[in-house]
Amino acid sequence: MKTVKQRGTPNKAVSFFLSFPDCVLSFQFFFSIFAGTHQRPLLCKARKLTIETEDVCMRIWCFHCFTDDEEQEENRNRGGVSHRLKKQSAMDDNNNNNKGGDFVGFDLNEREENGAELERVRSSEIRLHQLVQGESTSNEDCTMEEADHDSYHKRAKVYSGLAVSSDAGNSGSSVERSVSFGVASSPRTDTDMFCQNFILNYTGRKDGKRDDGDDNGSSDAEDFEVHIDLTDDLLHMVFSFLSHIDLCRSAMVCRQWRVASAHEDFWKVLNFENMRISIEQFEDMCHRYPNATEVNVYGAPAVNALAMKAATTLRNLEVLIIGKGHISENFFQALEECNMLRSVTVNEAILGNGAQEINLSHDRLRELKITKCRVMRLSLRCPQLRSLSLKRSNMSQAMLNCPLLQLLDIASCHKLLDAAIRSAAISCPQLESLDVSNCSCVSDETLREIAQACAGLHVLNASYCPNISLESVHLPMLTVLKLHSCEGITSASMTWIANSHALEVLELDNCNLLTSVALHLSRLQSISLVHCRKFTELNLQSTMLSSITISNCPALRRITIASNSLRRLALQKQENLTTLVLHCQSLQEVDLSDCESLSNTVCEIFSDDGGCPMLKSLILDNCESLTEVRFCNSSLATLSLVGCRAVTSLELKCPRIEEICLDGCDHLETALFQPVALRSLNLGICPKLSVLNIEAPYMVSLELKGCGVLSEASIICPLLTSLDASFCGQLTDDCLSATTASCPLIESLVLMSCPSIGSDGLSSLNGLPNLTVLDLSYTFLMNLEPIFKSCIQLKVLKLQACKYLTDSSLEPLYKEGALPALEELDLSYGTLCQTAIDDLLAYCTHLTHLSLNGCVNMHDLDWGSTNVQLFDYFGGYSSSENTQEAAETANRLLQNLNCVGCPNIRKVLIPPAARFYHLSSLNLSLSVNLKEVNLACSNLVLLNLSNCCSLEVLKLKCPRLASLFLQSCNMDEAGVEAAISGCCSLETLDLRFCPKISSVSMGRFRTVCPSLKRVFSSPNLLQD
């Protein structure tokens, strides 16, 4: 919680949180001084409750102890309060130190020296000063009368518009309560810290000033809050959510809160677990709260004495928790007098002297836990006992006289012999749950007698009992059976388990001799078979079976399951599983990952004619024996064949399938998807795919990148918007024409490295009215006329490395106004001559992105020559008849210009008259012959001149340039300093591998350009 300090509110705060179902309550206990309209100091204790929800923030103040004495008495007491508070705090410290121990508690008695003040506080008026300028005296009197009345009757009252100011210089007397608490052995208690904060709050501000408000007598900051006088009922409700420590803190606020926090409803449970509490303190708590029903002194010093005191003092005690110490025999005798006792827990204790018999007799005890205890013999006579746990206790015999006992837990009682376990269990005819796990002495004979004596046994845990095989053990009412790591359990044991017709849960993990399980149990719901090394076959028939856990059974070969409730089946890493038979009407998810021996017959199981009509998700990852996958399933939605490298043919007739993953199916040759509900499909990882048929009415994206042998493709996707057929070297014009006819909504078409595509195929693009992106890079095109006629709305055209394009190929762009919407053009690594490039760029002013990387015919970029017209971009000369038209084009829209690796560029000159107002990125890296760069671009943000090893002159007038890369350039320090002096927004400067620049000069660059944040000066040095 963040405490916000405001004028008119207290200066010090002690805060803690409460978690409510729908809100968070944060308490702030404030001690401060408030001043009235006549600047009369008013000593008070303000209590503030802030309730914060998602939409509401309410502050509730308790005004019950606000005091206002006469002015003369206040003036007399103003100088002495600080001294008395310090004295009182010192007395508290001495008292707390003399008590000893670190028990959490508080003193409810008022100090005698404060009795008069307490009486005055209780009878004082509550005066609420509203410091709003212009408010009349009559309004103040009326407000005080209402406050008096509400305080007397303790009803909720709302005050609004209250603005108060604090005067921390002096204060009147106060009533102080003594509260102490602590945990472990802390030398300073929270009471000390609380009192210290309380005193510091009254000693005034460190600067000696006071907050007197403005000239008009009002506070500097007007606060608007909702003030409510807390009623006892509301306070009781709020305190019901507090812990005992927080209740102790609340008791320090005022008398009302102290009384409320001491209510016996909050002290029904006395929890002193692992606390250092003395016998005297505990006895005082027992006398103060005789109706406490639960006591926990586990881990407390002198636990036996505390337990005896609780048993003999608290007559309403119902729950008692003790442990970590020595428990005498007298304690168990004293329990007989606790008539209301219902539950006893003894943990990690020595009972008696550890070598004697402990007797416990109680007529109403219902639950007893004696765990991890050391005792020789235990004798119990508890006619009402329902639950008994002796887990991990070191005893040799347990005699039970508990006719109504229903739950018995004697797990890990290693010293209990077979006869002792048998005697204890058969003496409880009503037993329903028995845990004998890790009792190595248990035999089949004991289980047979228990089954006969306890006919209603429902739960049996016999895990880690190596001597049992369940032979001739009849447990007809058994519902839960756990047999982990039972070496005697074999396939013959299943015959006796099958007689438990009510069985619902069966766990057979780590039964190494188990080879097969065949069960026909109508109520079986869950079965677990983990790490059964010799297990080979599973046959289950249960209409209610809903959970099967089978893993790490390397010998498993055959599984047959019939169930109407099973929804998910996971059989990962069953390497030898060859046969799977399923009749599961509700099965929806199947995971057969890494089942390497599964054959093609598994496809029949998951088709409509199989036994899983509701299947939605099927995972067959790394099933390397699958070669032909054919599914005809009307419910399947997800299919994964990752890593199935042997699959050569895939045929899906799944009208609801929405997702399929074929990563690693690099031997797939034929793929038929007719019909499917796929929205996207990536077949680029299938380099051997030659035949493809897709009928997908909802598909919007298709990737065939890398299907180099794909020659026959039928794509019927009416909603398709993106098609990537890169490197499909055998894709023909006929296939492209058929695709454009059946997919009229394509917006992005990538045909990079498709040499078989010619003019006929490109002419079919007129059937794509929404086409905006076309990539024909690395093709053998010689004529672009079909594109200019068919792709009117084209915005992006990529023609990288189209070396067969002639100089006249681009004439329609600048002579006939073709592709008027074109924004991005990529002519990288082409063979166009300088004239064609000049004419193109002279008139295509609507271009925003231009890439001319690796163009060997590119010459100097000189827009400042007197012989070059404003519209002539790259040194080419335009005809005079076009001069007027070009001049009217005014500003250029070019934003990004890339001329990477152009060896013939030597000079780049862009003056302001060139009107490149939108140019933001210029990349001239790897231009090895570039010597001079002179730029005046007002919006240029990024300039890359890396590896321009011949660069000598750099002049920049780019006020918005943020990043400059000069890596591996031969410029000297003076040249760089002069260049960046005109870049007031430069943040990143890369000077790595510049032989003429040393890291010592970095300070000079920062002085010239203060905006620099990152300077890279060497491969291993980053100055930031």
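Numbers given to residues run from 1 along each chain, matching the order in which its sequence is written. In keeping with the predicted nature of the model, local features appear solely for residues at pLDDT of at least 70, side-chain atom pairs appear and are counted solely at 80 or more, and the whole-chain, interface and lining totals rest on all residues. Side-chain metrics rest on all non-hydrogen atoms present in the structure, leaving aside hydrogens and water.

Brief notes about the overall build of the protein
Under the convention used in this document: Labels follow the DSSP assignment, with helices taken as runs of H or I lasting at least four residues and strands as runs of E lasting at least two, numbered in each case from the N terminus. Throughout, a residue-residue contact means that at least one pair of heavy atoms, one from each residue, lies within 4.5 Å.
Counting its secondary structure elements, the protein contains 23 helices and 58 strands. For the protein, restricting intrachain contacts to residue pairs at least 6 apart in sequence, the fraction spanning at least 24 positions comes to 47%.

What about helix α13 (residues 444-453)?
For the record, the criterion: Under the scheme applied here, a residue whose accessible area is under 20% of the maximum for its type counts as buried, over 50% as exposed, and between as partly exposed, the area being computed with a 1.4 Å probe on protein chains only. This arc is built from the directions going out from the helix axis to the C-beta atoms.
Among all positions of α13, only Asp-444, Thr-446, Leu-447, Ile-450 and Ala-451 are buried. Looking down the long axis of α13, one finds its buried residues gathered within 155° of arc, a one-sided arrangement. Looking at the packing, one finds that the buried side of α13 touches α12 (418-426), β20 (433-435) and β21 (459-461).

Points about unusual backbone geometry
With omega at -15°, the peptide bond leading from Gln-674 into Pro-675 counts as cis. Looking at the secondary structure, you find Pro-675 in strand β37 (residues 670-676). Phi at Lys-372 is positive, roughly 55°, even though this residue is not glycine. Tracing the chain through its elements places Lys-372 in the loop between β15 (367-371) and β16 (377-381). We classify Lys-372 as partly exposed; its relative accessible area is 40%. For Tyr-778, which is not a glycine, the phi torsion comes out positive at approximately 60°. Looking at the element boundaries, Tyr-778 is found in the loop between β44 (773-775) and α18 (785-790). For Tyr-778, a relative accessible area of 42% corresponds to the partly exposed category.

What to know about the state of the cysteines
Going by this rule: Count a disulfide wherever a pair of cysteine sulfur atoms falls within 2.5 Å.
As enumerated under the stated definition, the model contains zero disulfides in all. Considering cysteine sulfurs only, Cys-511 is the nearest to Cys-486, which forms no disulfide, with 5.6 Å between them.

Observations regarding a nonpolar patch on the surface
Put simply, the rule is: For patch building, the residue pool is restricted to those with more than 30% relative accessible area and no salt bridge; the joining distance is 9 Å between like charges and 5 Å between nonpolar side chains (Val, Leu, Ile, Met, Phe, Trp, Tyr). Exposure was quantified through the Shrake-Rupley algorithm and a 1.4 Å probe, taking into account, for residues, occlusion by the shown protein chains and nothing else. One side-chain nitrogen of Lys or Arg within 4 Å of one carboxyl oxygen of Asp or Glu is enough to make a salt bridge.
Together, Tyr-698, Val-700, Leu-719 and Leu-745 give the surface a local cluster of nonpolar side chains, amounting to about 310 Å² of exposed area. Take Leu-719: it is sitting in the loop between β41 (712-716) and β42 (722-724). Residue Leu-719 is classed as partly exposed on the basis of its relative accessible area of 37%.

Section: the packing of helix α9 (residues 279-288) against helix α10 (residues 303-313)
The description of two helices packed together rests on the angle between their axes and the distance between the axes. This is how the line gets drawn: Lines fitted to C-alpha atoms define the axes here, with helix axes fitted over just the stretch in contact, and angles between the N-to-C directions of these axes take values from 0 to 180 degrees. An angle below 35 degrees is read as roughly parallel, one above 145 as roughly antiparallel, one from 65 to 115 as roughly perpendicular, and any other as oblique. Each crossing gets its handedness from the near helix: less than a right angle anticlockwise from the far helix is left-handed, clockwise is right-handed. Note on residue categories: nonpolar means Ala, Val, Leu, Ile, Met, Phe, Trp, Tyr, Cys or Pro, charged means Asp, Glu, Lys or Arg, and polar means any other residue, Gly included.
Relative to each other, α9 and α10 sit at 20°, their axes nearing to 10 Å. The angle between α9 and α10 places the two elements in the roughly parallel class. Between α9 and α10 lies a crossing whose hand is right-handed. Taking contact as the criterion, the partners of Ile-279, Phe-282, Glu-283, Cys-286 and His-287 in α9 are, on α10, Ala-305, Leu-306, Lys-309, Ala-310 and Thr-313. Its residues assigned to classes, the contact of α9 with α10 comprises six nonpolar, two polar and two charged.

Considerations on the sheet that holds β37
This is how the line gets drawn: At least two bridges found by DSSP between two strands are what make those strands a pair.
Reading across from one edge, β33-β35-β37-β39-β41 is the order of the five strands in this open sheet, with parallel pairing throughout. One side of each edge strand has no neighbouring strand; the edge strands of this open sheet are β33 (628-631) and β41. Taken pair by pair, the neighbouring strands of this sheet meet at an average axis angle of 5°, ignoring direction. Summarising the sheet, strand β35 (residues 649-654) and β37 pair through five bridges and their orientation is parallel. When the bridges of β37 are listed, Leu-652 appears paired with Phe-673.

Some thoughts on the pattern of salt bridges
In total, this model carries 19 salt bridges according to the counting rule given. Here Arg-630 and Glu-651 are joined by a salt bridge, their closest N and O atoms 3.3 Å apart. With Arg-630 in strand β33 and Glu-651 in strand β35, this pair connects stretches of sequence that are 21 residues apart. Notably, a salt bridge pairs Arg-1004 with Glu-973, separated by 3.1 Å at the nearest N-O pair. Of this pair, Arg-1004 sits in helix α23 (residues 1002-1008) while Glu-973 sits in helix α22 (residues 973-980), placing them 31 residues apart in sequence. Residue Arg-1004 is classed as partly exposed on the basis of its relative accessible area, which comes to 40%. Among the residues examined, Glu-973 registers a relative accessible area of 17% and is labelled buried.

A few points about the nonpolar core
Defined as follows: In plain words, nonpolar cores are sets of buried Ala, Val, Leu, Ile, Met, Phe, Trp, Tyr and Cys residues tied together by side-chain atoms within 4.5 Å.
Within the largest apolar cluster, 269 residues are counted, with the highest numbers of intra-cluster contacts made by Val-517, Phe-606 and Phe-673. Setting aside residues no more than four positions away along its own chain, Phe-606 makes contact with Leu-580, Leu-582, Val-590, Leu-592, Cys-612, Leu-615, Leu-618, Phe-631 and Asn-633.

Thoughts on the sheet that holds strand β52 (residues 932-935)
Adjacent strands of a sheet form backbone hydrogen bonds with each other and so pair up, either parallel or antiparallel. Pairing is parallel across the open sheet formed by four strands, whose spatial order is β48-β50-β52-β54. With partners counted over all chains shown, the strands left at the sheet margins are β48 (861-862) and β54 (953-956), one partner each. Pairing geometry for β52 and β54, over four bridges, is parallel. Each bridged residue has a counterpart across the sheet, and for Glu-932 the counterpart in β54 is Val-953.

Re the packing of aromatic side chains
Put simply, the test is: The rule is short: rings of Phe, Tyr and Trp, with Trp giving its six-membered ring, pair when the centres are within 6.5 Å, and they are stacked under 30 degrees, edge-to-face over 60, tilted in between.
As enumerated under the stated definition, the model contains six aromatic pairs in all. Their ring planes at 85° and their centres at 5.5 Å tell us that Phe-239 and Trp-257 sit as a pair that is edge-to-face. Here Phe-239, found in helix α6 (residues 232-239), pairs with Trp-257, found in helix α8 (residues 255-261); they are 18 residues apart in sequence, far enough to count as distant. Like Trp-257, Phe-239 is buried. Relative to Phe-282, the ring of Phe-272 lies with its centre 5.9 Å away and its plane at 85°, an arrangement referred to as edge-to-face.

Focus: the pairing of strand β13 (residues 343-351)
In summary, the side chains of a regular strand alternate between the two faces of the sheet. For clarity, the threshold we go by: A right-handed crossover is one whose linking path, passing over the helix from the first strand to the second, runs clockwise when the strands point away from the viewer.
Counted residue by residue, β13 has seven buried out of nine residues, so it is predominantly covered. With eight bridges joining them, strand β12 (residues 319-327) and β13 adopt parallel strand pairing. Paired with Ile-322 across the bridge in β13 is Val-346. The parallel pair β12 and β13 is bridged by helix α11 (residues 329-334), and the resulting crossover is right-handed. Where β13 and β15 come together, five bridges link them in parallel fashion.

Regarding the packing of α12 against α13
Following both chains from N to C, one finds α12 and α13 inclined at 5°, their axes separated by 9 Å at the closest point. The angle between α12 and α13 places the two elements in the roughly parallel class. Across from Asp-418, Arg-422, Ala-425 and Ile-426 in α12, the residues of α13 making contact are Glu-445, Thr-446, Glu-449, Ile-450 and Ala-453. Among the residues making up the contact of α12 with α13, the classes are represented as four nonpolar, one polar and four charged.

Considering the side chain of Asp-621
To keep things clear, this is the line we draw: For the charge count, each Lys or Arg is scored as positive and each Asp or Glu as negative, with His and the chain ends excluded.
Here Asp-621 shows up in the loop between β32 (617-619) and β33. One buried charged side chain, Asp-621, makes no salt bridge at all; its nearest oppositely charged neighbour is Arg-568, positioned 11 Å away.

Remarks on the pairing of strand β50 (residues 907-910)
The pairing of β48 with β50 spans two bridges and is classified as parallel. Bridging from a neighbouring strand, Leu-861 pairs with Val-908 of β50. Strand direction decides the pairing type here: β50 and β52, joined by four bridges, are parallel. The partner of Leu-909 across the bridge, within β52, is Asn-934.

Overview of the environment of Leu-636
Tracing the backbone through its elements, the reader meets Leu-636 in the loop between β33 and β34 (638-640). Through-space distance from the C-alpha of Leu-636 to that of Phe-606 is 8.8 Å; in sequence the pair is 30 residues apart.

Regarding the confidence of the model for the protein
Going by this rule: As a per-residue quantity, pLDDT reports the predictor's confidence and falls between 0 and 100.
Considering every residue of the protein, the mean pLDDT works out to 78; 74% of them sit at 70 or more. Predicted confidence in the protein is weakest over strand β8 (residues 179-180), with a mean pLDDT of 34, and strongest over strand β22 (residues 480-482), with 97. Across residues 866-889 the pLDDT falls below 50, and counting only partners more than four positions away or on other chains, this stretch makes 41 contacts in the model. Here residues 1020-1024 is a poorly scored stretch, pLDDT under 50, and it has 14 contacts once near neighbours within four places are set aside; other chains count.

Focus on the environment of Gly-323
You can see Gly-323 is positioned in strand β12. When its relative accessible area of 0% is taken as the criterion, Gly-323 is described as buried. Each C-alpha atom of the pair Gly-323 and Lys-372 lies 9.6 Å from the other, and the pair is 49 residues apart in sequence.

Section: α9
Residues Gln-281, Phe-282, Met-285 and Cys-286 constitute the buried set of α9. Seen from one end, α9 has its buried residues packed into an arc of 140°, which puts them on one side. In α9, those exposed residues whose orientation departs by more than 90 degrees from the buried face are Glu-280 and His-287. On the buried face of α9, the contacting elements are β10 (269-271), β11 (294-296) and α10.

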